[in-house]
Amino acid sequence: VSRGGAFEIRAKTDRGGLEKALDTVAGKQAQTTGDPAFDQEFEIDTELAHISATILAASDKREAVRALFRLGVRRVVLEGGTLEAVWDPFTLADRADPGVVAQVTQAVTQLAILARDLPILPESEVVEAERKSRRKDLLHLALLAALMGGIGLFGWWSSRGRRK
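Residues numbered from 1 in each chain as written. Predicted model: local features only at pLDDT ≥ 70, side-chain atom pairs only at ≥ 80, totals over all residues. Heavy atoms only, no water.

Next up on the list: the pattern of salt bridges. If you walk through the whole model with that rule in mind, you get 9 salt bridges. Across the pair arginine 66 and glutamate 41 runs a salt bridge, and its minimum N-O distance is 3.4 Å. Here the residue arginine 66 occupies a position in helix 4 (residues 59-70), and glutamate 41 occupies one in helix 2 (residues 36-41), the gap between them amounting to 25 residues. Overall, arginine 66 belongs to the buried group, its relative accessible area being 17%. Given a relative accessible area of 40%, glutamate 41 falls into the partly exposed group. The partner of arginine 70 in a salt bridge is glutamate 63, with the nearest N and O atoms 2.6 Å apart. (Salt bridge = Lys/Arg side-chain N within 4 Å of Asp/Glu carboxyl O. Helix = DSSP H or I, 4+ residues; strand = E, 2+ residues; numbered from the N terminus. Buried < 20%, exposed > 50% of the residue type's maximum accessible area, 1.4 Å probe, protein only.)

This part takes up the packing of aromatic side chains. Going through the model one piece at a time under the given rule, you end up with 2 aromatic pairs. With a centroid separation of 4.8 Å and an interplanar angle of 35 degrees, the aromatic rings of phenylalanine 38 and phenylalanine 42 are classed as tilted. In this structure, phenylalanine 38 and phenylalanine 42 share a single accessibility class: buried. Through successive ring pairs, a cluster of aromatic residues spans Phe38, Phe42 and Phe69. (Phe/Tyr/Trp six-rings, centres within 6.5 Å; stacked < 30°, edge-to-face > 60°.)

What follows concerns the nonpolar core. The biggest cluster of nonpolar side chains holds 23 residues, and the ones touching the most others in it are Ile9, Leu56, Val65 and Val76. Secondary structure elements with two or more residues in this core: strand 1 (7-11), strand 2 (42-45), helix 3 (51-55), helix 4, strand 3 (75-79), strand 4 (82-86) and helix 5 (98-115). If we skip the residues at most four places from it in the chain, valine 76 touches Phe7, Glu8, Ile9, Leu68, Phe69, Leu83, Glu84, Leu111 and Leu114. (Core = buried A, V, L, I, M, F, W, Y, C linked by side-chain atoms within 4.5 Å. Contact = heavy atoms within 4.5 Å.)

What follows deals with the confidence of the model for the chain. Of all residues in the chain, 64% attain a pLDDT of 70 or more, and the chain-wide mean is 76. Looking across the chain, the model is least confident in helix 1 (residues 17-25), with a mean pLDDT of 61, and most confident in helix 4, with 94. (pLDDT = per-residue confidence, 0-100.)

Moving on, we get to the side chain of glutamate 8. Assignment of secondary structure puts glutamate 8 in strand 1. Classification of glutamate 8 as buried rests on a relative accessible area of 18%. Among all residues touching glutamate 8, those that are not within four sequence positions of it are Glu43, Ile44, Asp45, Arg75, Val76 and Val77.

The next thing to look at is the sheet that holds strand 1. Spatially, 2-1-3-4 is the arrangement adopted by the 4 strands of the open sheet, whose pairing is antiparallel. The strands lining the two open edges of the sheet, one partner per strand, are strand 2 and strand 4. On average, adjacent strands in this sheet sit at an angle of 15 degrees to one another, irrespective of strand direction. Bridge count between strand 1 and strand 2: 4 bridges; the pairing is antiparallel. By the bridge assignment for strand 2, alanine 11 is matched with phenylalanine 42. Contacts from helix 4 reach strand 1, strand 2, strand 3 and strand 4, with the element oriented near 55 degrees to strand 1. Against the sheet, helix 5 touches strand 3 and strand 4, its axis set at about 140 degrees to strand 4. (Pairing = 2+ DSSP bridges. Axes fitted to C-alpha atoms, helices over the stretch in contact; angles between N-to-C directions.)

Pasting the structure below:
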């Protein structure tokens, strides 16, 4: 797959409240494809604002994503030139089951549809998106550290009150 930036597609129901709140604090905007039904069902996480509309503009690509999720995929990820469908859990023991083999074969077919004609983005745009992603990760880490520090401070403060 060509280097076309990075994205992650997941069902909107897979997101926790804390993760959504952190994204809001980080100023992350919802990505849209121009298909309201698809946008209602799925969430696209990317630092490249136009990638959703570009990659998922064709209805066959949006249908490929839907088919992957019907097969039990939890996430579709493009990163570092690799496009993958992520099942969770998926163990090595599953590979011997003929039903699982058929499921994986169907998933590969859908991934091939999704991978077809991925845009090749200018290197500067990809580098900028990676920088934004690292900044967002650092912000999430800082917020989590502040939350944990606050909990620790509250525990220390409340234990002092019980000793008196």
